Amino acid sequence: MLDNSFSYCINGKCSKKDKCLRFIEKKNINIGETYLALNEEECSKNNCYINKNEYYKKMILDAIEREPIDNLDRKFLLNICCSLLKKSEEFNLDNKLKQKIRNLENN
């Protein structure tokens, strides 16, 4: 979900890499993805820096709280929840997410 939502930045000299969701190390580059080299001034001006932990936690909580509107949406949400399961352990949300997955599988 997150990986395909934007282009990546490969500015290895950036001092704010830990706060940037766009940054990726060159060793993790995949063919077919888009990469940019943005400078810190551009990123600061465009408010590109965020707290990754807050972002991921909010994404997981949103998935837990969201109710599907139809069968296709339920399958999509189930896929999202399954893909976030490993990450949810870092925030102690894995039990809630597992329950959400069970509920989606049983409906």
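Further up the page is the structure itself.
What counts, and where the lines are drawn
Residues numbered from 1 in each chain as written. Predicted model: local features only at pLDDT ≥ 70, side-chain atom pairs only at ≥ 80, totals over all residues. Heavy atoms only, no water. Core = buried A, V, L, I, M, F, W, Y, C linked by side-chain atoms within 4.5 Å. Buried < 20%, exposed > 50% of the residue type's maximum accessible area, 1.4 Å probe, protein only. Helix = DSSP H or I, 4+ residues; strand = E, 2+ residues; numbered from the N terminus. Contact = heavy atoms within 4.5 Å. Salt bridge = Lys/Arg side-chain N within 4 Å of Asp/Glu carboxyl O. Axes fitted to C-alpha atoms, helices over the stretch in contact; angles between N-to-C directions. Left-handed = near helix turned anticlockwise from the far one by under 90°. Nonpolar A, V, L, I, M, F, W, Y, C, P; charged D, E, K, R; others polar. Phe/Tyr/Trp six-rings, centres within 6.5 Å; stacked < 30°, edge-to-face > 60°. Lys NZ or Arg CZ within 6 Å of the ring centre and 35° of its normal.

### Notes on the nonpolar core
Thought 1: Membership of the largest hydrophobic core comes to 16 residues, with the highest contact counts inside it found for I60, A63, C81, L84 and L97.
Thought 2: Where this core is concerned, the elements lending two or more residues are helix 2 (52-65), helix 3 (71-88) and helix 4 (94-106).
Thought 3: Residues contacting L97, with those up to four places away along its chain left out, are I60, I64, C81, L84, L85 and S88.
Thought 4: One finds C14, C20, C43 and Y49 within the second-largest nonpolar core, a separate group that totals five residues.

### Some points on the pattern of salt bridges
Thought 1: According to the stated counting rule, one finds four salt bridges in the structure shown.
Thought 2: Across the pair K58 and D62 runs a salt bridge, and its minimum N-O distance is 2.9 Å. Of this pair, K58 and D62 both sit in helix 2, separated by four residues, roughly a single helical turn.
Thought 3: On the basis of relative accessible area, D62 is assigned to the partly exposed category, the value being 36%.
Thought 4: Notably, a salt bridge pairs K87 with E90, separated by 3.3 Å at the nearest N-O pair.

### Considerations on the side chain of K100
Thought 1: Topologically, K100 is positioned in helix 4.
Thought 2: Residue classification places K100 among the buried residues on the basis of a relative accessible area of 7%.
Thought 3: Apart from the residues lying within four places of it in its own chain, the contact partners of K100 are A63, I64, E65, R66, E67, L77 and C81.

### Describing the packing of helix 2 against helix 4
Thought 1: In contact at an axis separation of 9 Å, helix 2 and helix 4 are set at 35° when each is read in the N-to-C sense. Along this stretch, helix 2 crosses helix 4, giving a crossing that reads as left-handed. Of the residues in helix 4, those in contact with I60, A63, I64 and E65 of helix 2 are K96, L97 and K100.
Thought 2: Class assignment of the residues belonging to the contact of helix 2 with helix 4 gives a composition of four nonpolar, no polar and three charged.

### Details of the packing of aromatic side chains
Given two aromatic rings, one states the distance between the centres and the angle between the planes to describe the pair.
Thought 1: Going through the model one piece at a time under the given rule, you end up with one aromatic pair.
Thought 2: When the ring of Y55 is compared with that of Y56, the centres are 5.8 Å apart and the planes differ by 80°; the resulting orientation is edge-to-face.
Thought 3: The ring of Y56 carries K87 above its face, with NZ or CZ at 4.5 Å from the centroid.

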